[in-house]
Amino acid sequence: MSGAESHAHPTNDVPDGSSAASDGFLSSWVLRATTGSFVLAAILAVFVVVVNGVGSAVTQPVLIIFLVNLPVVVGLQTFSGNSGVISFGHVAFMAIGAYTAALMSTPVLVKQTELANAPAFIRNAHFGFVGSALIAVAVTACVAFPLGFVFARLAHPAAASIASLGWLVIAQTIIANWYSVTHGTATFYGIPSYTTVWNALLCGVIVIVAAMTFRRSPIGYGLRATKSNPLVARAIGVNMVRARVAAWVLSAALAAVGGVLYSGYLVSLAPSNFFFSLTVTIVVMAIIGGPTVSGAVVGAIVISVLNEVLRRVETATSRPGLSTVVVAAIFTALMMTRPEGLLGRWELDEIALRGLRRLILSRTVRLAPRSREEVDAP
Amino acid sequence: MLAYTFAEGMQQVVNALALGSVYALLGLGVAAIFSVLGIVNFAHGELVTLSGFSMLLFATLGLPWLLIVPLAILTGGLAAIAIELVAFRPVRGAPVETFLLTSLGVSIVIQNLLLMFVSPRPEDLHAPSWTDATFRVGGVVVGWFDVATILTTFLILILLTTFFRRSIYGLALRAAAEDFSMTRMVGLKANSVITLAFFLSGLLAGVAAFFYLGTLGQVEYDSGFNPLLKGFIAAVMGGLGSLSGAVVGGYVLAAMEIFFQVVLPSANTPFEAAIVFGMVILVLLLRPRGLSGGLSAAMKLERV
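Per chain, the residues get numbers from 1 upward, laid out in the order the sequence is written. Throughout, the order in which chains and ligands are written sets their labels, letters from A for the former and numbers from 1 for the latter. Given that this is a predicted model, residues contribute local features only at a pLDDT of at least 70 and side-chain atom pairs are listed and counted only at 80 or more, while totals for whole chains, interfaces and linings are drawn from all residues. Processing note: side-chain calculations cover all non-hydrogen atoms of the structure and skip hydrogens and water entirely.

Looking now at the overall build of chain A. Labels follow the DSSP assignment, with helices taken as runs of H or I lasting at least four residues and strands as runs of E lasting at least two, numbered in each case from the N terminus. Counting secondary structure elements, chain A contains 18 helices and zero strands. Across chain A, every contact between residues at least 6 apart in sequence was considered, and the portion connecting residues at least 24 apart equals 78%. Accessible surface computed for chain A: about 15700 Å², of which carbon and sulfur atoms make up 69%. We call two residues contacting when some pair of their heavy atoms lies within 4.5 Å. Areas reported as accessible are Shrake-Rupley estimates using a 1.4 Å probe. Residue values count occlusion only from the protein chains shown.

Structure follows, in structure tokens:
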């Protein structure tokens with residue numbers, strides 16, 4: 001963004017937010033949430049359709065894994081991008097979603113032998129994809145709700161980040177040892193293969209709409225205000241604990257969608273898959289693009305492609321760990337030079353709108369104006 | 001369940017004190033950085049790993065352990081200074097989250113470089129036999145290494161307190177923790193204060209590495225994860241930024257771990273970590289600013 005842009009919007013994190021209510025329906029937050037969602041969902045759909053069309057045995061798994069990770073990344077963004085508190089605990093919600101969906105959808109006959117000691121309602125449950133997904137999301141949201149208050153109240157963002165790491169360990173320990181329900185550290189098998197590119201894409205679109213709607217809703221603006229300045233936010237009537245808990249629960253629910261897709265794609269689960277290395281991947285994806293929904297989507301695409309390319313170099317040179325080193329080094333370097341992420345603090349539709357506006361202005365006003373004031377006062 | 005004899009009880013107290021000493025050293029290292037800069041060093045665990053690998057290196061070179069230990073501790077200190085130069089100095093002044101992410105990135109780079117170029121497997125440290133030696137006091141079997149851990153930690157705490165109270169450098173660090181910009185205004189060089197804080201934090205990680213990895217007997221590229229987690233939790237539970245709080249947090253964490261190991265029926269012992277961290281979260285829910293309620297300069301800034 002140029003200097004003139006930021007000059008026009010001194011409170012950069014909340015563009016046009018204050019005038020939203022008075023400008024009527026056309027500039028209401030609902031409309032802005034809709035356009036934002038539409039632009040981003042369309043980009044995602046085009047990307048998926050093109051990559052799927054190129055479709056080979058190599059790109060297909062990469063595409064599906066990208067779509068599996070996407071809801072978790074967007075979910076993490078919904079909390080971290082809006083509140084400024086980095087969470088290392090969202091993979092735990094992904095795991096809860098994955099295991100719940102697996103328990104609900106695995107055929108009763110398989111469960112009778114695999115989980116002979118599980119409670120009857122789990123053994124006898126048999127739902128389809130949609131039913132399992134809804135139950136998984138609901139269960140995860142219920143688990144997240146009480147936890148949200150801890151992370152909302154912690155005084156320092158770093159303390160909340162550390163506590164979220166503690167939550168990851170708690171979830172990991174419980175899943176790895178609750179043998180009668182999760183099959184413990186052994187692999188949970190027999191999950192029906194229900195994840196396809198198309199239902200994963202649909203989930204991605206739903207997740208984007210939910211995240212964008214939250215981000216541009218009054219409560220989302222309020223949360224972003226607490227990130228810029230907690231005291232000013234409180235002074236204008238934002239309840240930080242309420243906003244953070246709302247974001248936390250929604251973000252956990254979105255992460256659970258990723259878990260559902262994960263169990264339906266891999267058809268087997270092991271607790272160790274949902275620990276620190278996946279957490280790092282998800283955090284890097286969510287941060288590298290920037291603290292916006294667009295940033296999360298772009299970050300997930302960039303890191304997925306980069307990972308795949310590097311993984312091939314890694315196998316060709318037989319140097320395990322190479323891809324992780326390169327991704328982490330790129331990530332660190334980017335955080336140093338551009339802490340706002342690849343896209344900065346704007347959503348893609350905002351960037352497009354700004355570009356368009358500047359283009360029109362430069363056509364209509366021949367003498368290039370020095371400042372915004374000259375343009376706005378004809 | 002409560003059929004424990006006094007001797008067994010005492011044994012668990014010694015265990016808890018030894019474990020708590022290691023956690024206190026780790027927590028202190030995390031808190032030392034936080035108190036001065038208001039940031040969290042995610043690569044603190046890698047200091048433990050690097051100290052561990054340097055122990056391995058010096059041991060294979062055939063040095064006596066009397067030399068290995070101070071050299072390994074020094075390695076921790078120097079590695080901390082290097083990490084500050086790479087991960088923190090270039091982004092000085094950035095928001096708090098940026099430091100968390102750059103240090104996370106550096107931590108992962110170090111881990112995977114160790115994996116690629118040093119060893120993908122756990123390596124035996126060939127710790128000297130006296131780390132396993134025990135003695136008996138009235139039916140209580142006590143490990144010499146545990147006693148050494150506890151006494152060394154107490155000694156370090158006393159030395160640190162004296163250092164902070166009496167020496168000019170300690171005063172500088174305390175001043176920086178209180179109000180960093182004011183400290184700079186009265187003429188202290190920011191870089192030297194920060195380097196000193198990191199060096200101290202690295203030395204503490206080095207000492208913790210010796211006692212923690214010495215008990216484990218081996219070192220691995222990701223050996224640092226568990227110490228990092230324990231140091232983080234100790235520091236947060238004590239109230240991030242409070243040095244005495246971090247020590248208290250470390251001992252409380254260890255006491256809870258040992259308590260639940262002893263009290264839980266054997267079927268539930270695997271859940272110990274979950275229960276302990278659940279308790280930590282409960283503590284934080286009731287006291288969001290930690291046990292000590294301590295406020296560092298950084299946290300005060302947030303509230304002003």
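Assigned secondary structure in chain B consists of twelve helices and four strands. Only C-alpha atoms enter the radius of gyration, while the globule expectation follows 2.2 Å times N to the 0.38, with N the number of residues. Taken over C-alpha atoms, the radius of gyration comes to 19 Å for chain B, in line with the 19 Å a tight globule of 304 residues would show. A principal-axis box enclosing the C-alpha atoms of chain B has dimensions of 60 × 50 × 35 Å. The buried share among the 304 residues of chain B stands at 54%. Accessible area of chain B: about 13100 Å², with a carbon and sulfur share of 68%. We count Lys and Arg on the positive side and Asp and Glu on the negative side, and we leave His and both chain ends out. To locate a charge, take atom NZ for lysine, CZ for arginine, CG for aspartate or CD for glutamate. A gap of 15 Å separates the mean positions of the 14 positive and 15 negative side-chain charges of chain B. Accessibility here uses a 1.4 Å probe with only protein chains present; expressed as a share of the type maximum, an area under 20% marks a residue as buried, one over 50% as exposed, and anything in between as partly exposed.

This part takes up the packing of aromatic side chains. Stacked, edge-to-face and tilted labels apply to pairs of Phe, Tyr and Trp rings (six-membered ring for Trp) whose centres lie within 6.5 Å, assigned for plane angles under 30 degrees, over 60, and everything in between, in that order. Under the definition given, this model contains 25 aromatic pairs over all chains. Aromatic pair F151 of chain A and W248 of chain A: ring centres 4.5 Å apart, planes at 25 degrees, arrangement stacked. In this pair, F151 of chain A is assigned in helix α7 (residues 129-153) and W248 of chain A in helix α13 (residues 240-266), connecting sequence segments 97 residues apart. Across the pair, W248 of chain A and F151 of chain A agree in class, each one buried. Aromatic side chains F276 of chain A and F225 of chain B sit 4.7 Å apart centroid to centroid with 45 degrees between the ring planes, which places their arrangement in the tilted category.

Residue and element names in this part refer to chain A. Whenever a carboxyl oxygen of Asp or Glu lies within 4 Å of a side-chain nitrogen of Lys or Arg, that contact is scored as a salt bridge. Using the criterion set out here, one finds eight salt bridges over all chains in the structure. Notably, a salt bridge pairs D349 with R216, separated by 2.8 Å at the nearest N-O pair. Pair noted here: D349 is in helix α17 (residues 348-364) and R216 is in helix α10 (residues 197-216), with a separation of 133 residues, a long-range link. Given the relative accessible area of 15%, D349 is considered buried. A relative accessible area of 3% places R216 in the buried class.

Residues and elements named next belong to chain B. By definition, pLDDT measures how confident the predictor is in each residue, and it falls between 0 and 100. Looking at chain B as a whole, its pLDDT mean stands at 86, while 94% of the residues score no less than 70. Across chain B, the element-wise mean pLDDT spans from 39 in helix α12 (residues 297-303) up to 95 in helix α2 (residues 44-60). Throughout residues 294-304 the model reports pLDDT below 50, and contacts reaching past four residues in sequence, or to other chains, amount to 25 contacts. This prediction of the complex comes with two scores: 0.88 for pTM and 0.87 for ipTM.

Between chain B and chain A, the residue contacts involve 46 residues of the former and 44 residues of the latter. Defined in terms of a 1.4 Å probe, buried area is the accessible area two parts forfeit on being brought together, summed over both. Of all residues in chain B, the largest losses of buried area upon contact with chain A belong to L101, M116 and I281 of chain B, amounting jointly to 16% of the total for that side. Run the count over chain B and chain A and you get zero salt bridges. Polar contacts, as counted here, are pairs of nitrogen or oxygen atoms within 3.5 Å of one another; within protein the pair requires one atom able to donate a hydrogen and one able to accept it, and residues that are adjacent in sequence qualify only if both atoms are side-chain atoms. Between chain B and chain A we count three residue pairs in polar contact (both at pLDDT 80 or more) in total. Listed by contribution, the elements that provide at least two residues to the side of chain B that touches chain A are α3 (65-88), α4 (96-118), α9 (225-237), α11 (272-286) and α12 of chain B. Counting residues per element, the side of chain B that touches chain A draws most heavily on α4 of chain B, at 16 residues.

What follows covers the confidence of the model for chain A. Here chain A averages 86 in pLDDT, while 89% of its residues score no lower than 70. Note that pLDDT drops below 50 for residues 374-378 of chain A; the model gives that stretch three contacts with residues more than four away or on any other chain.

Expected span of a helix, by definition, is 1.5 Å for each gap between consecutive residues, and there is one gap fewer than residues. Helix length check: α11 of chain B, at 15 residues, gives a terminal C-alpha distance of 21 Å against a target of 21 Å (1.5 Å per residue), a fit within 8%. For α11 of chain B, the full list of buried residues reads E272, A274, V276, F277, V280, I281 and L284 of chain B.

What follows concerns α7 of chain A. A rise of 1.5 Å per residue sets the reference length of α7 of chain A, with its 25 residues, at 36 Å; its end C-alpha atoms lie 36 Å apart and thus fit the reference within 8%. At P146 of chain A, α7 of chain A shows its maximal bend, which comes to roughly 40 degrees. Within α7 of chain A the residues assigned to the buried category are S132, A133, A136, T140, A141, A144, L147, G148, V150, F151 and A152 of chain A. Close packing links the buried residues of α7 of chain A with α4 (90-105), α8 (157-177) and α13 of chain A together with α11 of chain B. What the bend at a residue measures is the angle between two axes, fitted to the seven residues ending there and to the seven starting there.

Before going further, it helps to examine unusual backbone geometry. Residues and elements named next belong to chain A. A positive phi is found at V267, a non-glycine position, where the angle reads about 55 degrees. With respect to the helices and strands, V267 occurs in the loop between α13 and α14 (276-288). When its relative accessible area of 28% is taken as the criterion, V267 is described as partly exposed. A positive phi angle, near 45 degrees, is found at S318, a position not held by glycine. When you line up the elements, S318 lands in the loop between α15 (293-317) and α16 (322-337).

Take the packing of helix α2 (residues 29-54) of chain A against α10 of chain A next. All names here are of chain A. Here, axes are lines fitted to C-alpha atoms. For helices the fit covers the stretch in contact, and angles between N-to-C directions go from 0 to 180 degrees. Closest axis-to-axis distance for the α2/α10 pair is 9 Å, and the angle between their directions is 155 degrees. Considering their axes alone, α2 and α10 lie roughly antiparallel with respect to each other. The hand of the α2/α10 crossing is right-handed. Note on element contacts: α10 touches α2 through V197, W198, L201, G204, V205, I208, V209, M212, T213 and R216, opposite W29, R32, A33, G36, S37, L40, A41, L44, A45, V48, V49 and N52. Geometric relationships in this document are graded by angle, where less than 35 degrees denotes roughly parallel, more than 145 denotes roughly antiparallel, 65 to 115 denotes roughly perpendicular, and other angles denote oblique. Should the near helix be turned anticlockwise from the far one by less than a right angle, the crossing is left-handed, and should it be turned clockwise, the crossing is right-handed.

With that settled, consider the nonpolar core. Within the largest apolar cluster, 193 residues are counted, with the highest numbers of intra-cluster contacts made by F93, W167, L269 and F274 of chain A together with F42 and F277 of chain B. With sequence-adjacent residues up to four places away left out, F277 of chain B is seen in contact with G166, V169 and I170 of chain A together with L229, K230, I233 and L253 of chain B. The next biggest cluster of nonpolar side chains, apart from the first, holds six residues, and it includes A7, V14, A18 and I150 of chain B. As used here, the term nonpolar core means buried Ala, Val, Leu, Ile, Met, Phe, Trp, Tyr and Cys residues forming a set that is joined through side-chain atoms within 4.5 Å.

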